[in-house]
Amino acid sequence: MLMTRKAAIALSLGLGIVGAAALYGQSNGFSLRGGSAAEPAAAPAIAAAPETPDLTPASTAMRFTAADAAASPAEAALVLPSDAPAMQPLAIPGAALPQRLAQADPAQPVMTDQPLSPFGLPCGLTVTTEAQPAAMVALDIMDPCQPNARVVVEHSGLNLTGQTDAMGILTMDIPAFESPAFFTVRMPDGATASALAGLPDIANYARVGVQWQEDRALELHAMEFGATYGEPGHIWRDNRGSIARAEDGEGGFMTYLGSATVENPMLAEIYTFPRDTLDSDGTVRLSIEAPVTAANCGQDTLARTLETDTDGNVAVIELTFTVPDCDAIGEYLLLQNLLQDLRVAAN
Amino acid sequence: MAALLFLISGFAAAAQDVSLRSHDGSVELDGSLIGFDGEFYRIETIYGPLTINAEGVTCRGPGCPDLENFVAEIRFAGAVAITEQLFPALIERFAGSRNYTLRREILDANRSVFSLIRADGGVAGRFYVTGTSTDAGLAALLGREADIALATRQPDPVEAAAARAADQGELSMVARSRILGLDALVPLVAPGNPVGALSLEDLARVFAGEITNWQDLGGPDAPIAVHLMDVATGHAQDVAARVLAPFDLVPMAGITRHSSTAGLADAVAQDPFAIGIGSYSETGNARMLPLQGSCGYLQAATPDSLKAEDYPLTAPMFLYLPVRRMPQLGREFLAFFGSQEADRVIRRLGFVNQAITALPLGAQGDRLANAVVAAGDEIALEDLQHMIGAMSGAERLSPTFRFGDGTTELDAYSLAAVARLARAIERGAYDGRELVFAGFSDGQGRADANLRLARGRAEAVRLAVIAAASGGDLNRVRLRVSAFGEALPMACDDTAAGRAVNRRVEVWLR
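Computed from a prediction, not measured in an experiment: that's the story for all the values here.

Notes on the sheet that holds strand β3 (residues 40–45) of chain B
All names here are of chain B.
- Pairing within the open sheet is antiparallel, and its five strands lie in the order β4-β3-β2-β1-β5. Pairing within the sheet leaves two strands with one partner each, and these edge strands are β4 (48–53) and β5 (57–60). On average, each strand axis in the sheet is inclined to that of its neighbour by 45 degrees, with strand direction left out of account.
- The pairing of strand β2 (residues 28–36) with β3 spans four bridges and is classified as antiparallel. Bridging from a neighbouring strand, Gly 35 pairs with Arg 42 of β3.

Some words on unusual backbone geometry
- For the bond from A:Ser179 to A:Pro180, the omega torsion is -5 degrees, close enough to zero to count as cis.
- Relative to the helices and strands, A:Pro180 is located in the loop between β6 (169–175) and β7 (181–186).
- Of note, the phi angle at A:Ala134 is positive, near 60 degrees, even though the residue is not glycine.
- You can see A:Ala134 is positioned in the loop between β2 (126–132) and β3 (136–142).
- Of note, B:Arg144 is a non-glycine position whose phi angle comes to about 60 degrees, a positive value.

Overview of the domain arrangement of chain B
All names here are of chain B.
- Each assigned domain of chain B is listed here: domain 1 (2–60), domain 2 (72–181 + 317–348), domain 3 (183–307) and domain 4 (356–509).
- Facing the four residues of domain 2 at the interface are four residues of domain 4.
- Across the side of domain 2 that touches domain 4, the residue classes tally to two nonpolar, two polar and no charged.

Observations regarding the nonpolar core
- Ranked by size, the top nonpolar core spans 198 residues in total, and within it A:Ala176, B:Ala149, B:Leu150 and B:Val268 carry the most contacts.
- Contact partners of A:Ala176, with chain neighbours within four places excluded, come to A:Ala135, A:Met136, A:Val137, A:Ala181, A:Ala197, A:Leu199 and A:Ile202.
- Counting six residues, the second largest nonpolar core, distinct from the first, contains B:Tyr297, B:Cys492, B:Ala500 and B:Val501.

Quick notes on the confidence of the model for chain A
Residue and element names in this part refer to chain A.
- Within chain A, residue pLDDT values average 73, and 65% of them lie at 70 or more.
- Mean pLDDT values for the elements of chain A range from 29 in helix α1 (residues 17–23) up to 96 in strand β4 (residues 150–155).
- This model gives residues 1–111 a pLDDT under 50, and the stretch forms 200 contacts once residues within four places in sequence are excluded.

Here we look at the sheet that holds strand β22 (residues 478–485) of chain B
Residues and elements named next belong to chain B.
- Strand order in this open sheet of five strands is β19-β20-β23-β21-β22, and the pairing throughout is mixed. The open sheet has two edge strands, β19 (358–360) and β22, and neither has a second partner. Pairwise comparison of adjacent strand axes, ignoring direction, gives a mean angle of 35 degrees for this sheet.
- As paired elements, strand β21 (residues 434–440) and β22 share seven bridges and run parallel to each other. Bridge assignment links Phe 437 to a residue of β22, and that residue is Val 481.
- Sheet strands in contact with helix α14 (residues 412–426) are β20 (395–402) and β23 (504–509), and its direction is about 140 degrees off that of β20.

Here's the deal with the interface of chain A and chain B
- Each side of the interface is counted separately: chain A has 29 residues, and chain B has 30 residues.
- Here the side of chain A that touches chain B takes six residues from strand β16 (residues 314–322) of chain A, the largest share from any one element.
- For the side of chain A that touches chain B, the per-class residue count stands at 13 nonpolar, 10 polar and six charged.
- Here β16(A) pairs with strand β7 (residues 101–108) of chain B via four bridges, running parallel. Each bridged residue has a counterpart across the sheet, and for A:Leu319 the counterpart in β7(B) is B:Arg104.

About the cut-offs
Residues numbered from 1 in each chain as written. Chains lettered and ligands numbered in written order. Predicted model: local features only at pLDDT ≥ 70, side-chain atom pairs only at ≥ 80, totals over all residues. Pairing = 2+ DSSP bridges. Helix = DSSP H or I, 4+ residues; strand = E, 2+ residues; numbered from the N terminus. Axes fitted to C-alpha atoms, helices over the stretch in contact; angles between N-to-C directions. Domains from an automatic or database assignment. Contact = placed C-beta atoms within 7 Å. Nonpolar A, V, L, I, M, F, W, Y, C, P; charged D, E, K, R; others polar. Core = buried A, V, L, I, M, F, W, Y, C linked by C-beta atoms within 7 Å. Buried ≥ 20, exposed ≤ 12 C-beta atoms within 10 Å, placed from the backbone. pLDDT = per-residue confidence, 0-100.

Following this line, the structure appears as structure tokens:
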């Protein structure tokens, strides 16, 4: 299918600050990323029982009211939603959860005297990881007493939502941005667990991602070696490529992550590209696009970009912009130069 | 003078929005606030602009800044080639190196504000980045709508005069500019194009419309489609000034113009009969053509040839600073540009950084071949033997110093190279070694005069480096001067660009 796209729509000026703050009002705003490196022994899993249910996102209600935001309203508007994606603790609810994590005994990940789920499995959260080809991680999450629950997964600044099934099980294949890859899983009752995975081949792959909330429907597009829309080298949601393609050095692949069926969903698209196994050399151009729809037109949008570099750094930039007004419904918003083009040398 | 008077009276008529009073009440100044950097007020008064330490005065009036919650704000404006990918990447790494979180708010298609957030959630600074053109960036600097201009070319005489008139000082001063990294103007063709190299003159004639068919360049019988950047960009102005003007040519009508070097490269890559002048940093999927002198020397754009300015169309990226003080965070950001972390970002994005590299002189066989070809009437065998003896076992450092025609005056990039080399000497990078400043000239004029000129230039560079390395122990490194005149040409002497490449002082490390 050959797609035609209208010219990029100029972004309109100005962000509705209060609107954005209200939209993403529920924010616990703490992060375990800082402490994660100090707990490598926690692998493969550490679990914390939900002993303080008042920490659930809904009830914690760390709202960014107008008063909170008064000192620097622009910043308040930029707080990502979520259950804890903010990289700096704008508001720490007593720092209770990190302490509980630290006190958890990694040797006893499963509580013995716990109640059982309807299927007879002991309650409690377990998370395990397994390294997969192309620096992917198979993440297995099980909390038998929380079926059909909203799950938040955090990794290197990436925040995703998933949903457990009727058995309380969720599996996700996630492209890793760092090795060792550290994952934190948060359940709605406040339980958290973390796990590590080592990815020996991570240096072979370049990775870029964009993460967004709700119905903004962002798309990541990769144009490999001069490909244009609709050609085989145009890798995006409708032409995702494959891991085999990357392993063969032919090109990259797109991964769509996250469950949109939960409340306040956090979704991402990640493009993986082999750094130097290719026959061709040149440039892969990257852009972020979004169809302007009745659901997102004129809306302030929060997103986040992630990029790896050859030094092993992950560049995370929080991003805000306004989707064009509703008279542009049906057109595409094209955001160029937010991601760096990938430059590739042939072997 | 008339312009200056007008400005002063213009400001005098403006609102007196701040009043600064010394703590003992003996001095009081009224004026309008130009800026506050966290330490100093800068106000426009009837006496002209003044900078006043905030510790010594109390500020009253509606224009007074909030001292407690000061956030450094710096406005950058200029060339899209810098703002679109390089500058955001540098800001990201700067933020990362200081453990700041970075938030980017897209205000408009070509305008973003980057907020650097401290771990406690406070805002350390906001960088406003506007991508327009070098023209607009320099104009914004003079009009005080920007604090720092990002330029892909140096200010022209009109802009330099405007800066003086606007009380913005001398833009050509080293202290006013920084070189961010290096780029170059490069001819681009589609990967399948059979032409292997072009002379500067042929290139100029193609873009002037004097050569219109590939057949005239050794290619197929097909019309040439020509691509350049938009007229308002510093890039296109640089092409007109450095590629066409030396041959008294101007760009033809009917050139396909582009707003980004990436777009230009993509368009050229898709058309086998297209040629464009793009950027070394953004060749995309197109192929770079080396330049060929009429006497046969090939010059390709490579990291080494750009660092040494051996490639004649090297194009440094400049930052132009205001005459006033920068906030602390701004000064730190400028200092960051000289770091290895910044150098890595610059390299990753396809530009060439200014980190000093060393190449074995023995590996440069093509240069020796040039020397043998050039030997003859004026260069005797013993001259060559002297030079080759001096080169053996030595390495050539990337900093290379270049001069105006017939002068011993260094160009802007060479002045930055003096500072880089001086810092390396101060660090002790060459302790116990010998640095030879090897002077060369072009082949115009008599060989003995050229030899004297080459020696004078080498000595000028040596003295400049010694003066700049005042913080180091110069007893630990030997700094010597040698001159070889026109003995080792790197480009043909029949063009101004070629002669400029040949007039140089190299640094050899032994």
